[in-house]
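In case you want the letters, here they are:
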Amino acid sequence: MTPPSNLETADKSADLKPSKAEDTEQEDFLDELPDDLEMSLFDHLEELRLRIFYALIAVIVAVVVCFIFVNRIVELLEIPAQGAKFLQLSPGEYFFVSIKVAGYSGLLLASPFILYQIIQFVLPGLTRRERRLIGPIVLGSSILFAVGLGFAYVALIPAALNFFINYGEGVVEQLWSIDRYFEFVLLLLFSTGLAFQIPVIQLLLGLLGIVSSKVMLQGWRYVLLGAAVLGAVLTPSTDPITQSLLAGAVLFLYFGGIFMVKAIGR
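Residues numbered from 1 in each chain as written. Predicted model: local features only at pLDDT ≥ 70, side-chain atom pairs only at ≥ 80, totals over all residues. Heavy atoms only, no water.

## Quick word on the overall build of the chain
Inference 1: Helix and strand counts for the chain stand at 11 helices and two strands.
Inference 2: Per-residue burial over the chain gives 32% buried out of 266 residues.
Inference 3: Within the chain, counting contacts between residues at least 6 apart in sequence, those at least 24 apart form 84% of the total.
Inference 4: Roughly 17,100 Å² of accessible area belongs to the chain as shown, and the carbon and sulfur atoms make up 68% of that amount. (Helix = DSSP H or I, 4+ residues; strand = E, 2+ residues; numbered from the N terminus. Buried < 20%, exposed > 50% of the residue type's maximum accessible area, 1.4 Å probe, protein only. Contact = heavy atoms within 4.5 Å. Areas by Shrake-Rupley, 256 points an atom, 1.4 Å probe, with all protein chains shown as cover.)

Written out as C-alpha coordinates, the structure is:
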(Lines give C-alpha, C1' and ligand atoms only; values in the text may rest on other atoms or scores of the structure.)
Protein backbone atom coordinates (compact mmCIF):
# COMPACT_ATOMS: atom_id res chain seq x y z
CA MET A 1 0.00 0.00 0.00
CA THR A 2 1.58 3.27 -1.16
CA PRO A 3 1.49 6.34 1.15
CA PRO A 4 -0.54 9.34 -0.06
CA SER A 5 1.41 11.85 -2.10
CA ASN A 6 2.04 15.43 -0.98
CA LEU A 7 -0.40 16.66 -3.59
CA GLU A 8 -3.22 14.49 -2.21
CA THR A 9 -2.45 15.64 1.36
CA ALA A 10 -2.55 19.29 0.27
CA ASP A 11 -5.87 18.74 -1.46
CA LYS A 12 -7.38 17.22 1.69
CA SER A 13 -6.06 20.11 3.82
CA ALA A 14 -7.54 22.60 1.41
CA ASP A 15 -10.90 20.86 1.64
CA LEU A 16 -10.86 21.14 5.45
CA LYS A 17 -10.15 24.89 5.41
CA PRO A 18 -13.11 27.23 4.86
CA SER A 19 -12.95 29.06 1.57
CA LYS A 20 -13.01 32.82 1.21
CA ALA A 21 -16.48 32.56 -0.27
CA GLU A 22 -17.70 30.75 2.84
CA ASP A 23 -16.10 33.40 5.07
CA THR A 24 -17.78 36.15 3.09
CA GLU A 25 -21.10 34.32 3.25
CA GLN A 26 -20.75 33.95 7.02
CA GLU A 27 -19.93 37.66 7.39
CA ASP A 28 -22.94 38.60 5.27
CA PHE A 29 -25.13 36.32 7.37
CA LEU A 30 -23.97 38.00 10.60
CA ASP A 31 -24.57 41.46 9.14
CA GLU A 32 -28.16 40.67 8.09
CA LEU A 33 -31.23 41.99 9.90
CA PRO A 34 -33.30 38.95 11.01
CA ASP A 35 -36.40 41.12 11.48
CA ASP A 36 -36.19 43.19 8.34
CA LEU A 37 -39.63 44.76 8.67
CA GLU A 38 -40.77 47.91 6.94
CA MET A 39 -42.07 50.39 9.54
CA SER A 40 -43.12 53.96 8.98
CA LEU A 41 -42.15 56.83 11.27
CA PHE A 42 -45.58 56.72 12.91
CA ASP A 43 -45.18 52.97 13.53
CA HIS A 44 -41.85 53.64 15.27
CA LEU A 45 -43.40 56.41 17.37
CA GLU A 46 -46.31 54.16 18.32
CA GLU A 47 -43.89 51.39 19.30
CA LEU A 48 -41.86 53.88 21.37
CA ARG A 49 -45.03 55.14 23.06
CA LEU A 50 -46.04 51.61 24.05
CA ARG A 51 -42.58 50.79 25.41
CA ILE A 52 -42.52 53.99 27.48
CA PHE A 53 -46.03 53.27 28.75
CA TYR A 54 -45.07 49.73 29.84
CA ALA A 55 -41.93 51.05 31.54
CA LEU A 56 -43.90 53.73 33.42
CA ILE A 57 -46.44 51.17 34.61
CA ALA A 58 -43.59 48.99 35.90
CA VAL A 59 -42.02 51.96 37.70
CA ILE A 60 -45.32 52.96 39.31
CA VAL A 61 -45.99 49.41 40.52
CA ALA A 62 -42.43 49.09 41.85
CA VAL A 63 -42.64 52.46 43.65
CA VAL A 64 -45.93 51.47 45.30
CA VAL A 65 -44.45 48.14 46.45
CA CYS A 66 -41.35 49.90 47.82
CA PHE A 67 -43.52 52.49 49.59
CA ILE A 68 -45.33 49.68 51.40
CA PHE A 69 -41.98 48.43 52.74
CA VAL A 70 -40.33 51.85 52.95
CA ASN A 71 -39.71 51.68 56.71
CA ARG A 72 -37.58 48.56 56.27
CA ILE A 73 -35.66 50.19 53.42
CA VAL A 74 -35.07 53.28 55.56
CA GLU A 75 -33.79 51.14 58.43
CA LEU A 76 -31.42 49.40 56.05
CA LEU A 77 -30.05 52.70 54.74
CA GLU A 78 -29.62 54.06 58.27
CA ILE A 79 -27.19 51.27 59.27
CA PRO A 80 -24.06 53.07 57.92
CA ALA A 81 -24.89 56.08 60.14
CA GLN A 82 -23.43 54.20 63.14
CA GLY A 83 -26.16 55.12 65.60
CA ALA A 84 -26.47 58.83 64.81
CA LYS A 85 -29.86 60.33 65.70
CA PHE A 86 -32.12 61.68 62.97
CA LEU A 87 -34.43 64.66 63.33
CA GLN A 88 -37.55 65.68 61.47
CA LEU A 89 -37.00 69.41 61.17
CA SER A 90 -40.28 70.29 59.50
CA PRO A 91 -43.82 68.85 59.39
CA GLY A 92 -44.08 65.99 56.91
CA GLU A 93 -40.34 65.80 56.31
CA TYR A 94 -40.19 62.05 56.87
CA PHE A 95 -43.21 61.55 54.61
CA PHE A 96 -41.45 63.26 51.71
CA VAL A 97 -38.27 61.34 52.53
CA SER A 98 -40.31 58.13 52.33
CA ILE A 99 -41.59 59.11 48.90
CA LYS A 100 -38.04 59.90 47.75
CA VAL A 101 -36.66 56.60 49.06
CA ALA A 102 -39.56 54.64 47.53
CA GLY A 103 -39.01 56.46 44.22
CA TYR A 104 -35.31 55.62 44.01
CA SER A 105 -35.89 52.05 45.20
CA GLY A 106 -38.78 51.53 42.79
CA LEU A 107 -36.72 52.82 39.88
CA LEU A 108 -33.96 50.41 40.83
CA LEU A 109 -36.43 47.53 41.20
CA ALA A 110 -38.05 48.26 37.82
CA SER A 111 -34.75 48.82 35.98
CA PRO A 112 -34.54 45.24 34.55
CA PHE A 113 -37.99 45.62 32.99
CA ILE A 114 -37.10 49.10 31.69
CA LEU A 115 -33.95 47.67 30.14
CA TYR A 116 -36.01 44.89 28.57
CA GLN A 117 -38.33 47.43 26.96
CA ILE A 118 -35.37 49.37 25.56
CA ILE A 119 -33.91 46.18 24.08
CA GLN A 120 -37.25 45.20 22.55
CA PHE A 121 -37.49 48.62 20.91
CA VAL A 122 -34.00 48.59 19.33
CA LEU A 123 -33.83 44.84 18.61
CA PRO A 124 -35.50 44.90 15.15
CA GLY A 125 -32.81 47.31 13.91
CA LEU A 126 -29.87 45.18 15.05
CA THR A 127 -27.93 42.67 12.98
CA ARG A 128 -27.18 39.14 14.15
CA ARG A 129 -23.65 40.21 15.06
CA GLU A 130 -24.92 43.09 17.18
CA ARG A 131 -27.54 40.88 18.86
CA ARG A 132 -24.79 38.56 20.07
CA LEU A 133 -23.32 41.45 22.05
CA ILE A 134 -26.54 42.46 23.81
CA GLY A 135 -26.59 39.63 26.36
CA PRO A 136 -23.01 39.99 27.65
CA ILE A 137 -23.18 43.80 27.70
CA VAL A 138 -26.52 43.94 29.53
CA LEU A 139 -25.42 41.28 32.01
CA GLY A 140 -22.07 42.97 32.62
CA SER A 141 -23.69 46.39 33.01
CA SER A 142 -26.23 45.04 35.53
CA ILE A 143 -23.55 43.28 37.57
CA LEU A 144 -21.30 46.35 37.62
CA PHE A 145 -24.18 48.59 38.69
CA ALA A 146 -25.01 46.21 41.55
CA VAL A 147 -21.33 46.05 42.54
CA GLY A 148 -21.22 49.86 42.49
CA LEU A 149 -24.20 50.05 44.84
CA GLY A 150 -22.59 47.52 47.14
CA PHE A 151 -19.24 49.36 47.08
CA ALA A 152 -20.93 52.65 47.97
CA TYR A 153 -22.97 51.05 50.77
CA VAL A 154 -20.10 49.05 52.30
CA ALA A 155 -17.13 51.38 51.72
CA LEU A 156 -17.94 54.92 50.56
CA ILE A 157 -20.88 55.83 52.81
CA PRO A 158 -19.36 54.47 56.05
CA ALA A 159 -16.02 56.15 55.24
CA ALA A 160 -17.66 59.52 54.61
CA LEU A 161 -19.88 59.34 57.69
CA ASN A 162 -17.03 58.14 59.90
CA PHE A 163 -14.94 61.11 58.74
CA PHE A 164 -17.66 63.63 59.65
CA ILE A 165 -18.49 61.93 62.96
CA ASN A 166 -14.85 61.86 64.07
CA TYR A 167 -14.27 65.41 62.88
CA GLY A 168 -17.05 66.79 65.10
CA GLU A 169 -16.65 64.34 67.97
CA GLY A 170 -16.62 66.06 71.36
CA VAL A 171 -17.67 69.37 69.82
CA VAL A 172 -21.14 68.80 68.36
CA GLU A 173 -23.77 66.16 69.02
CA GLN A 174 -24.58 63.98 66.00
CA LEU A 175 -28.18 65.02 65.26
CA TRP A 176 -28.82 64.92 61.52
CA SER A 177 -31.66 66.04 59.31
CA ILE A 178 -33.23 62.89 57.91
CA ASP A 179 -33.91 64.59 54.57
CA ARG A 180 -30.28 65.70 54.14
CA TYR A 181 -28.99 62.28 55.18
CA PHE A 182 -31.03 60.37 52.61
CA GLU A 183 -30.27 62.91 49.92
CA PHE A 184 -26.58 62.24 50.62
CA VAL A 185 -26.94 58.44 50.71
CA LEU A 186 -29.17 58.04 47.64
CA LEU A 187 -27.07 60.38 45.50
CA LEU A 188 -23.86 58.60 46.45
CA LEU A 189 -25.37 55.16 45.78
CA PHE A 190 -26.64 55.97 42.30
CA SER A 191 -23.65 58.09 41.22
CA THR A 192 -21.32 55.24 42.20
CA GLY A 193 -23.47 52.72 40.33
CA LEU A 194 -23.26 54.89 37.21
CA ALA A 195 -19.50 55.39 37.61
CA PHE A 196 -19.08 51.60 37.58
CA GLN A 197 -20.37 51.52 33.98
CA ILE A 198 -16.98 52.73 32.69
CA PRO A 199 -15.75 49.26 31.54
CA VAL A 200 -19.00 48.71 29.62
CA ILE A 201 -18.52 52.00 27.76
CA GLN A 202 -14.91 51.08 27.00
CA LEU A 203 -15.97 47.66 25.70
CA LEU A 204 -18.57 49.22 23.41
CA LEU A 205 -16.03 51.73 22.06
CA GLY A 206 -13.58 48.90 21.44
CA LEU A 207 -16.13 46.66 19.72
CA LEU A 208 -17.26 49.49 17.47
CA GLY A 209 -13.62 50.24 16.57
CA ILE A 210 -13.80 53.82 17.82
CA VAL A 211 -10.97 53.56 20.38
CA SER A 212 -8.35 50.81 20.75
CA SER A 213 -6.86 49.50 23.99
CA LYS A 214 -3.51 51.06 23.04
CA VAL A 215 -5.05 54.52 22.76
CA MET A 216 -6.88 54.01 26.08
CA LEU A 217 -3.61 53.08 27.77
CA GLN A 218 -1.77 56.06 26.30
CA GLY A 219 -4.30 58.44 27.87
CA TRP A 220 -3.74 57.22 31.45
CA ARG A 221 -2.56 60.67 32.60
CA TYR A 222 -5.80 62.31 31.53
CA VAL A 223 -7.75 59.46 33.12
CA LEU A 224 -5.91 60.01 36.41
CA LEU A 225 -6.93 63.67 36.38
CA GLY A 226 -10.46 62.78 35.27
CA ALA A 227 -10.81 60.21 38.07
CA ALA A 228 -9.89 62.84 40.65
CA VAL A 229 -12.41 65.28 39.16
CA LEU A 230 -15.07 62.57 38.91
CA GLY A 231 -14.50 61.60 42.53
CA ALA A 232 -14.99 65.22 43.58
CA VAL A 233 -18.09 65.76 41.41
CA LEU A 234 -19.96 62.52 42.07
CA THR A 235 -19.50 62.44 45.84
CA PRO A 236 -21.99 64.71 47.61
CA SER A 237 -19.57 65.10 50.54
CA THR A 238 -16.32 67.06 50.54
CA ASP A 239 -14.19 64.66 52.56
CA PRO A 240 -10.97 63.45 50.90
CA ILE A 241 -11.46 59.81 51.96
CA THR A 242 -14.67 59.29 49.96
CA GLN A 243 -13.30 61.13 46.95
CA SER A 244 -10.08 59.10 47.02
CA LEU A 245 -11.95 55.80 47.32
CA LEU A 246 -14.21 56.59 44.38
CA ALA A 247 -11.32 57.93 42.27
CA GLY A 248 -9.33 54.76 43.02
CA ALA A 249 -12.29 52.59 42.04
CA VAL A 250 -12.69 54.52 38.77
CA LEU A 251 -9.01 53.99 37.93
CA PHE A 252 -9.26 50.27 38.72
CA LEU A 253 -12.35 49.95 36.51
CA TYR A 254 -10.69 51.89 33.68
CA PHE A 255 -7.61 49.68 33.56
CA GLY A 256 -9.84 46.63 33.91
CA GLY A 257 -11.77 47.88 30.89
CA ILE A 258 -8.51 48.22 28.93
CA PHE A 259 -7.68 44.60 29.77
CA MET A 260 -11.10 43.44 28.50
CA VAL A 261 -10.78 45.45 25.27
CA LYS A 262 -7.33 43.97 24.70
CA ALA A 263 -8.67 40.47 25.45
CA ILE A 264 -11.16 40.75 22.58
CA GLY A 265 -8.37 41.71 20.19
CA ARG A 266 -9.05 45.43 20.01
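## Remarks on the packing of helix α5 (residues 93-122) against helix α7 (residues 178-195)
Inference 1: Across the interface, α5 lies against α7 with an axial gap of 9 Å and an inter-helix angle of 10°. Between α5 and α7, the angle is such that the two are roughly parallel. Side by side, α5 and α7 meet where Glu93, Tyr94, Val97, Lys100, Val101, Tyr104 and Leu108 of the first sit next to Ile178, Asp179, Phe182, Glu183, Leu186 and Phe190 of the second.
Inference 2: In terms of residue class, the contact of α5 with α7 is built from nine nonpolar, no polar and four charged. (Axes fitted to C-alpha atoms, helices over the stretch in contact; angles between N-to-C directions. Parallel < 35°, antiparallel > 145°, perpendicular 65-115°, else oblique. Nonpolar A, V, L, I, M, F, W, Y, C, P; charged D, E, K, R; others polar.)

## Observations regarding the packing of aromatic side chains
Inference 1: All chains considered together, the criterion is met by 12 aromatic pairs.
Inference 2: Seen from their ring centres, Tyr104 and Phe190 are 5.1 Å apart, and the 55° between their planes marks the pair as tilted. With Tyr104 in helix α5 and Phe190 in helix α7, the pair connects residues that are 86 residues apart, well separated along the chain.
Inference 3: According to the relative accessible area criterion, Phe190 is buried, its value standing at 18%.
Inference 4: Aromatic rings pair up to connect Phe86, Trp176, Tyr181 and Phe182 into one cluster. (Phe/Tyr/Trp six-rings, centres within 6.5 Å; stacked < 30°, edge-to-face > 60°.)

## A short note on the UniProt feature "transmembrane region" (unreviewed entry) in the chain
Inference 1: The positions UniProt marks with the feature "transmembrane region" (unreviewed entry) are residues 52-74, 94-116, 137-165, 185-208, 220-238 and 244-264.
Inference 2: The distance from the first to the last C-alpha atom of residues 94-116 is 33 Å, and the span holds 100% helix and 0% strand. (UniProt positions renumbered as here; feature names shortened; annotations may be inferred.)

## Thoughts on helix α4 (residues 70-78)
Inference 1: Looking at α4, one finds that the buried residues are Val70, Ile73, Val74 and Leu77. Down the axis of α4, the sector holding all buried residues measures 100°, keeping them to one side. Along α4, exposed side chains directed more than 90 degrees from the buried face belong to Arg72 and Glu75. (Arc of directions from axis to C-beta.)

## Some points on the confidence of the model for the chain
Inference 1: Residues at a pLDDT of 70 or more form 77% of the chain, whose mean pLDDT is 77.
Inference 2: Within the chain, no element has a lower average pLDDT than helix α1 (residues 6-16), which sits at 50, and none a higher one than α4, at 89. (pLDDT = per-residue confidence, 0-100.)

## A short note on helix α8 (residues 198-207)
Inference 1: Along α8, the residues that are buried comprise Ile198, Pro199, Val200, Gln202, Leu203 and Gly206.
Inference 2: Residue Gly209 follows α8 closely and has a positive phi angle near 75°.

## Notes on the nonpolar core
Inference 1: Core analysis: the largest hydrophobic core is formed by 29 residues, its most contacted members being Leu77, Val101, Phe182 and Leu189.
Inference 2: Among the elements of the structure, α4, α5, α6 (128-167) and α7 are those that each provide at least two residues to this core.
Inference 3: What Leu189 contacts, discounting residues up to four positions off in sequence, is Leu77, Leu149, Ala152, Tyr153 and Ile157. (Core = buried A, V, L, I, M, F, W, Y, C linked by side-chain atoms within 4.5 Å.)

## Remarks on the pattern of salt bridges
Inference 1: For the structure on display, the rule yields three salt bridges.
Inference 2: Linking Glu46 and Arg49 is a salt bridge whose minimum nitrogen-to-oxygen distance equals 2.7 Å. Of the two residues, Glu46 and Arg49 are both situated in helix α3 (residues 41-68); the distance of three residues between them amounts to about one turn of the helix.
Inference 3: In this structure, Asp179 and Lys100 form a salt bridge, with 3.2 Å as the shortest nitrogen-oxygen distance. (Salt bridge = Lys/Arg side-chain N within 4 Å of Asp/Glu carboxyl O.)

## Looking at the packing of α8 against helix α11 (residues 240-263)
Inference 1: Their axes nearest at 8 Å, the elements α8 and α11 cross at an angle of 30°. When the axis of α8 is compared with that of α11, the two are roughly parallel. Considering only the axes of α8 and α11, their crossing is right-handed. For the pair α8 and α11, contact is made by Ile198, Pro199, Gln202, Leu203 and Gly206 and by Val250, Leu253, Tyr254, Gly257, Ile258, Met260 and Val261, respectively.
Inference 2: Looking at side-chain class alone, the contact of α8 with α11 contains nine nonpolar, three polar and no charged residues. (Left-handed = near helix turned anticlockwise from the far one by under 90°.)

## Remarks on the side chain of Glu93
Inference 1: Structurally, Glu93 can be placed in helix α5.
Inference 2: For the buried Glu93, which has no salt bridge, the nearest side chain bearing the opposite charge is Arg180, at an N-O separation of 7.0 Å.
Inference 3: Within the structure, the side chain of Glu93 is placed 2.5 Å from the backbone nitrogen of Leu89, a separation counted as a polar contact. (Lys, Arg positive; Asp, Glu negative; His and termini not counted. Polar contact = N/O pair within 3.5 Å; in protein donor to acceptor, adjacent residues only side chain to side chain.)

## Details of the environment of Leu50
Inference 1: Its location among the elements puts Leu50 in helix α3.
Inference 2: Classification of Leu50 by relative accessible area gives partly exposed; the value is 27%.

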